[in-house]
Amino acid sequence: MSGSREFRALVADKDKESGLFQIGVKELKEADLPEGEVIIRVQYSSLNYKDALACQPQSSVVRQYPHVPGIDLAGTVLSSRAPQFQPGQAVVVTGFGLGISHFGGYSQLARVPADWVVPLPPGLDPAEAMAVGTAGLTAAMSVDALERHGLAPGQGPVLVTGATGGVGSFAVALLAARGYRVAAATGKAAEHGYLRELGAQEVLTRSELQRDAVRPLEKQAWAAAVDPVGGPSLAFILASIQYGGAVAVSGLTGGGDIPTTVHPFILRGVSLLGIDSVYYPLERRYALWERLAADLKPAGHLERIGAARIRLEQVPEAVEAILQGRMKGRTIVELDQA
């Protein structure tokens, strides 16, 4: 394939001397893409909190410019130097360096290393794969980790924080579909109905998890928790988990510090399970995507969770919405319409 194929991409650039930051849709050529064995025609990407950070002038995640954000993509293989992928094959890419250290999914063409690519399993089309994306994968990893730890329906309610966000929405739907009683926490009073539609049986306000003073041990309230928020509320959650329970933590939108004690861990045997979707092992990644197309697919809820669709030009505006906490569920970026 020649390097002359032209396509559109959202490009963030920052002048080294002046610090002037610009972001907008530009025409690129295939030769502008970074190295990799697989070239993909991107049909869909999605919007994540990390994408919003990558689109900021003072980004905490991007180190080199010009840069194309987008930590998720789904599409079809155009060409491949790796024998396991063939032209026309539907694939999905999330995590690794995509959209952070490597040009990402906000681009009609992407070239990536073969060991980042996952064949799209039967049961998911590219749009559905991006309704899932990193957020849905993280939620599935969280539920899987809790169940590997011993969680099962009937042990008590499972708390989900940040429940209207991408990870939270998926976690609510996945847990409810698997027979758990879900307690969903949100700061958005208008979205209680949305959470109940996803399967939450109890909805808490964010303030109920934020205490001025957290005792070393609180009343045992939840069998486990999925927490993509972190920060001070995590201290209260840990102190409130039932004996032998666990919290799967995957984010820090609430902050990176946890003002807690060792008491939940040494007196109740509580476990804190770290969830990392970036470098999740490839073989387990393959298996989890297979499950997301089968027993972990939130039947009837994918369209509800991934209802928002935007074009490439609309990404900067959507970034502001996610940073201000005004977004729910998943937002899909349509590259075919770019």
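What comes next is a walk through the structure.

Cut-off values and rules
- Residues numbered from 1 in each chain as written.
- Predicted model: local features only at pLDDT ≥ 70, side-chain atom pairs only at ≥ 80, totals over all residues.
- Heavy atoms only, no water.
- Pairing = 2+ DSSP bridges.
- Helix = DSSP H or I, 4+ residues; strand = E, 2+ residues; numbered from the N terminus.
- Bend = angle between axes of the 7 residues up to and from the residue.
- Buried < 20%, exposed > 50% of the residue type's maximum accessible area, 1.4 Å probe, protein only.
- Polar contact = N/O pair within 3.5 Å; in protein donor to acceptor, adjacent residues only side chain to side chain.
- Patch = residues over 30% accessible without salt bridge, like charges linked within 9 Å, V, L, I, M, F, W, Y side chains within 5 Å.
- Areas by Shrake-Rupley, 256 points an atom, 1.4 Å probe, with all protein chains shown as cover.
- Salt bridge = Lys/Arg side-chain N within 4 Å of Asp/Glu carboxyl O.
- Contact = heavy atoms within 4.5 Å.

Here strand S1 (residues 6-14) pairs with strand S2 (residues 21-29) via 9 bridges, running antiparallel. Across the sheet, Arg 8 pairs through a bridge with Glu 27, a residue of S2. What sits between the antiparallel neighbours S1 and S2 is a turn of 6 residues, in which Gly 19 has the positive phi angle 80 degrees.

What follows concerns helix H2 (residues 126-149). Of all the bends found along H2, the most pronounced is centred on Gly 133 and spans about 65 degrees. Burial analysis of H2 places 20 of its 24 residues in the buried class, which makes it a mostly covered element. Of the residues flanking the start of H2, the one acting as N-cap is Asp 125, its side-chain oxygen 3.1 Å from the backbone nitrogen of Ala 127. Following H2 by one or two positions, Gly 150 adopts a phi angle in the positive range, close to 125 degrees.

So, about unusual backbone geometry. Of the consecutive residues Tyr 65 and Pro 66, the connecting peptide bond is found in the cis state with omega at -5 degrees. You can see Pro 66 is positioned in the loop between helix H1 (49-54) and strand S4 (72-80). The phi angle at Phe 96 is positive, at roughly 55 degrees, despite the residue not being glycine. Examined against the element boundaries, Phe 96 turns out to sit in the loop between strand S5 (90-94) and strand S6 (109-112). The class of Phe 96 is buried, set by a relative accessible area of 15%.

Residues Val 262, Ile 266 and Leu 267 make up a contiguous nonpolar surface patch of roughly 300 Å² in combined accessible area. In this fold, Val 262 is placed in the loop between strand S12 (241-249) and helix H6 (263-267).

What follows is about the side chain of Asp 144. With respect to the helices, strands and loops of the structure, Asp 144 is situated in helix H2. Take Asp 144: its relative accessible area is 11%, and that puts it in the buried class. A distance of 2.8 Å separates the side chain of Asp 144 from the side chain of Arg 148, its partner in a polar contact. Once you skip the residues sitting within four places of it in the chain, Asp 144 turns out to touch Tyr 280, Arg 284 and Arg 291.

Purely spatial values, then, with no claim about function.
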